[in-house]
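The chain contents come next:
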Amino acid sequence: MTLTLWIFLAFEVLGASSEVRQFFLTQASGQDCQTLQLGESWISQSPITCQRECMSRYSENCQSVVYNGQTGNCRPGSIAFGPIEKVTTSIPESGSSDKLYYVRQPIPPCNTSNNFALYDVCGTFACLCLSTSEADNYSHARLICSQMNSRLFVGNTMAKFSMFWYTTKTYMNVNTYIGLQDIDVEGNFVWENGEPLSDEQYQYIWIPGQPSNGAGNQNCAVIQHAMYPGNFGIDDDQCYWKKYYVCERCEQC
Ligand SMILES: *[C@@H]1O[C@H](CO)[C@@H](O)[C@H](O)[C@H]1NC(C)=O
Ligand SMILES: *[C@@H]1O[C@H](CO)[C@@H](O)[C@H](O)[C@H]1NC(C)=O
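Residues numbered from 1 in each chain as written. Chains lettered and ligands numbered in written order. Predicted model: local features only at pLDDT ≥ 70, side-chain atom pairs only at ≥ 80, totals over all residues. Heavy atoms only, no water.

The name given to the protein chain in an unreviewed UniProt entry is C-type lectin domain-containing protein, with Elysia crispata as the source organism.

Shown next, in the form of structure tokens:
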């Protein structure tokens, strides 16, 4: 069991865009949130000075800092994400007493009709409807989402993909479609917004041994919380199975 204590630090940082950026201190017995280090570390007096220095050196690329209260070691970081198994270079390292402080990412508009709500993992937000019953197949799930001014979830960044994994694990814990498929061209996985799956994401998004295109017709991506509990990543499966799904609000869909 992980104890997470959220302490709001009431200070404001003026970013390059002059937006007020809010920082949160995550204190956990495990590594609830992690990030990727942007460059060399330095010594700072407090998390606040660590953050200011990070902002002045890295501008908008600084979206988090990892700070050690005993040594004052300050490490600049990118956007925070829920831990991703295959990313072995993330900080803070497991077992370390360093703490992560991160900037909240922009909050998308969220029309809460049809049971949509905002979900947040490590400062990355999405406006989602978590299904409470199964769709008949992938195209049925796609249709249901489109009828609610939304689309199947697009996990096209590291932070969004990890927010999807942890949100579905926490609130659903069942096998669930995600908006990614290679129906048109075998092996060319495409997100529901038309974006191809990047080579970078390909490295960490699949569970071991996947995608396998088993039986030659596995073209739809699913997160198998029930079939492979605790396995971080997705699997390719036939598009004709009944499964749960997650719809994400979008502006033009
Ligand atoms: C929210 O969505 C519902 C259903 O799609 C729609 O009828 C309503 O006008 C929307 N509200 C706003 C403020 O956009
Ligand atoms: C998917 O499910 C819908 C709704 O039940 C059905 O009309 C459609 O034929 C199914 N498509 C496939 C490819 O199985």
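**Student:** Pulling in residues and values, what's your account of the pattern of salt bridges?
**Tutor:** Close approach of charged atoms allows side chains with opposite charge to pair. One pass over the full model with this rule turns up six salt bridges. Residue Glu 93 pairs with Arg 75 through a salt bridge whose shortest N-O separation is 3.0 Å. Separated by 18 residues along the polypeptide, Glu 93 in the loop between strand 7 (73-77) and strand 8 (99-103) and Arg 75 in strand 7 bring together distant segments of the chain. Its salt-bridge partner being Asp 98, residue Arg 75 comes within 2.8 Å of it at the nearest N-O pair. Of this pair, Arg 75 sits in strand 7 while Asp 98 sits in the loop between strand 7 and strand 8, placing them 23 residues apart in sequence. For the residue pair Arg 75 and Asp 98, the accessibility class agrees, reading buried in each case. Here the salt bridges do not stand alone but share partners, grouping Arg 75, Glu 93 and Asp 98 into one network. (Salt bridge = Lys/Arg side-chain N within 4 Å of Asp/Glu carboxyl O. Helix = DSSP H or I, 4+ residues; strand = E, 2+ residues; numbered from the N terminus. Buried < 20%, exposed > 50% of the residue type's maximum accessible area, 1.4 Å probe, protein only.)

**Student:** So what's going on with helix 3 (residues 158-171)? Residues and values would help.
**Tutor:** Here helix 3 is 14 residues long and its end C-alpha atoms lie 20 Å apart, about the 20 Å a rise of 1.5 Å per residue gives. Extensive coverage of helix 3 is indicated by the burial of 10 of its 14 residues. Among the residues of helix 3, Met 158, Ala 159, Lys 160, Phe 161, Ser 162, Met 163, Phe 164, Trp 165, Thr 167 and Thr 168 are the ones counted as buried. As for helix 3, its buried residues are in contact with strand 9 (117-121), strand 10 (124-130), strand 12 (175-181), helix 4 (199-205), strand 14 (220-224) and strand 16 (244-249). Asn 173 sits one or two positions beyond helix 3 and adopts a positive phi of about 60 degrees. (Expected span 1.5 Å × (residues − 1). Contact = heavy atoms within 4.5 Å.)

**Student:** Residues and numbers for the state of the cysteines, please.
**Tutor:** Under the counting rule described, the total for this entry stands at six disulfides. Disulfide pairing is shown between Cys 50 and Cys 74; the S-S distance is 2.1 Å. Between Cys 50 and Cys 74, the S-S dihedral sits near 85 degrees, and the bridge is therefore right-handed. One end of the pair, Cys 50, is in helix 1 (residues 47-58); the other, Cys 74, is in strand 7, and 24 residues separate them in sequence. What makes Cys 50 buried here is its relative accessible area of 0%. For Cys 110, the disulfide goes to Cys 127, at an S-S distance of 2.1 Å. One quick way to see it: the torsion about the S-S bond of Cys 110 and Cys 127 is about 75 degrees, and its sign makes the bridge right-handed. With Cys 110 in the loop between strand 8 and strand 9 and Cys 127 in strand 10, this residue pair connects regions lying 17 residues apart in the sequence. By relative accessible area, which is 2% here, Cys 127 ends up buried. As a non-bridged cysteine, Cys 129 has Cys 247 as the owner of its nearest cysteine sulfur, 5.3 Å distant. (Disulfide = S-S within 2.5 Å.)

**Student:** So what's going on with the pairing of strand 16? Which residues, and what values?
**Tutor:** In terms of burial, strand 16 is largely enclosed, as five of its six residues are buried. Where strand 10 meets strand 16, three bridges bridge the pair, whose relative direction is antiparallel. Across the sheet, residue Cys 129 finds its bridge partner in strand 16, namely Cys 247. The sheet contact formed by strand 11 (residues 150-152) and strand 16 spans three bridges and is antiparallel. Bridge pairing in strand 16 places Ser 150 opposite Arg 249. (Pairing = 2+ DSSP bridges.)

**Student:** Could you give an account of the site of ligand 2, with specific residues and numbers?
**Tutor:** Around ligand 2 sit Asp 136, Asn 137 and His 140, and those are all the residues in its vicinity. Between ligand 2 and Asp 136 there is a distance of 2.5 Å, counted from an oxygen atom to a side-chain nitrogen or oxygen. At 2.2 Å from an oxygen atom of ligand 2 is found a side-chain nitrogen or oxygen belonging to Asn 137. The fraction of the free accessible surface of ligand 2 (360 Å²) that becomes covered by protein chains is 36%. (Near = heavy atom within 4 Å. Polar contact = N/O pair within 3.5 Å; in protein donor to acceptor, adjacent residues only side chain to side chain. Areas by Shrake-Rupley, 256 points an atom, 1.4 Å probe, with all protein chains shown as cover.)

**Student:** Just give me the short version of the side chain of Ser 64, but keep the residues and values in it.
**Tutor:** Mapping Ser 64 onto the fold places it in strand 6 (residues 64-67). Residue Ser 64 is classed as buried on the basis of its relative accessible area of 0%. Within the structure, the side chain of Ser 64 is placed 3.1 Å from the side chain of Thr 35, a separation counted as a polar contact. Those residues in contact with Ser 64, other than ones at most four positions away along the chain, are Thr 35, Cys 54, Arg 75, Pro 76, Gly 77, Ser 78, Leu 100, Tyr 101 and Tyr 102.

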